[in-house]
Amino acid sequence: FTDTITLNTYSILIDSVRSDNASSNLLGCYMDPIFGKTYSSFYAQADLQNFNNSFGTDPIADSIILYLSYNGYYGDTTTPQALNVYQLNQILYYDSTYYSNQNFTHINEAIGSAVFYPHPNDSVIVGGINQAPQLRIKLSNSVANNILNASTTALADNTDFISFFKGIYVKPSDISITGKGAILYFNVQSLYSGITVYYHNSTSSGLTFNLVFDAGTARINHFEHQYSSTQINQQFANHSLGQNTLFCQSMAGVETYIDFPNIKHLRDSGKVSINQAELVILASQE
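Here's a quick rundown of the structure. (Residues numbered from 1 in each chain as written. Predicted model: local features only at pLDDT ≥ 70, side-chain atom pairs only at ≥ 80, totals over all residues. Heavy atoms only, no water.)

**Section: the overall build of the protein chain**
Okay, step 1: Scanning the protein chain for helices and strands turns up three helices and 16 strands.
Okay, step 2: The C-alpha radius of gyration of the protein chain comes to 24 Å, more than 25% above the 19 Å expected for a compact globule of 286 residues.
Okay, step 3: Once the C-alpha set of the protein chain is aligned to its principal axes, its extents read approximately 90 × 40 × 35 Å.
Okay, step 4: Here the protein chain holds 286 residues, and 42% of them are scored as buried.
Okay, step 5: Sequence-distant contacts in the protein chain: of pairs separated by 6 or more residues, those separated by 24 or more amount to 82%. (Helix = DSSP H or I, 4+ residues; strand = E, 2+ residues; numbered from the N terminus. Rg over C-alpha atoms; globule rule 2.2 N^0.38 Å. Buried < 20%, exposed > 50% of the residue type's maximum accessible area, 1.4 Å probe, protein only. Contact = heavy atoms within 4.5 Å.)

This is the structure we're talking about:
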């Protein structure tokens, strides 16, 4: 056996990863001392919970709430996060393949915004009922009124409704303090995720109408990284620096390249059969 062999190693940028219909939608911004700044936003369609809805005579929106069920986090939750919600004007397709570097067009004016401290482990009270941890964002009543006044055709089925209301884009704002910020994970297919319109009409009040993010809707994570003026950026330009320190980063960030340039020399003294090969990487104590 041999336990000594030459490795050429360095870190390289990942172009993108497939990011449609993942189990979690990632949202937030953090500033890492090694990797620099990372953003995660997401696009999502919403389906009708029920078909052929009737809102009565003269329906008027009281409020509309986007709510997202927490599914975990990475980073510092004591830092406030700010985000904006936009309405898509491009149709997505749940049976298509999308990648983390793709962008989709949206209306420039935000339909909702929030500044909040993440509480991924704290339950919330909704309508007097204790519910699972969730982020709740108030959207513009104009969006709700557009839905309440939509044609019967637009509300007949999900195909027509998605043509009418193409979905949302949720985007975080900037965090520039090193070591601050977080990436929050949301399960948008949870019972505690969706969009609810609260409204009244000429005869009744306290009415609700629900949209859901279900298995038939497209959901796409979008990732951005800023490596300028970081330690890792130097390695991208000078691969020899990778002989001492390597980096790996999720969310279509950084991967490690390992080359065995002299492995063919194992047969210099005759034919060999490799029965087992192991690459052992020791954890850093720093």
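**Quick notes on helix H1 (residues 141-148)**
Okay, step 1: Among the residues of H1, those classed as buried are Val143, Ala144, Ile147 and Leu148. Down the axis of H1, the buried set is contained in an arc of 135°. They therefore lie on one face.
Okay, step 2: Elements in contact with the buried residues of H1: strand E5 (60-75), strand E6 (81-87), helix H2 (158-164), strand E13 (194-200) and strand E14 (207-212). (Arc of directions from axis to C-beta.)

**Topic: the environment of serine 204**
Okay, step 1: Positionally, serine 204 belongs in the loop between E13 and E14.
Okay, step 2: When the C-alpha positions of serine 204 and glutamine 249 are compared, they lie 53 Å apart, and in sequence the two are 45 residues distant.

Structural measurements only, silent on function.
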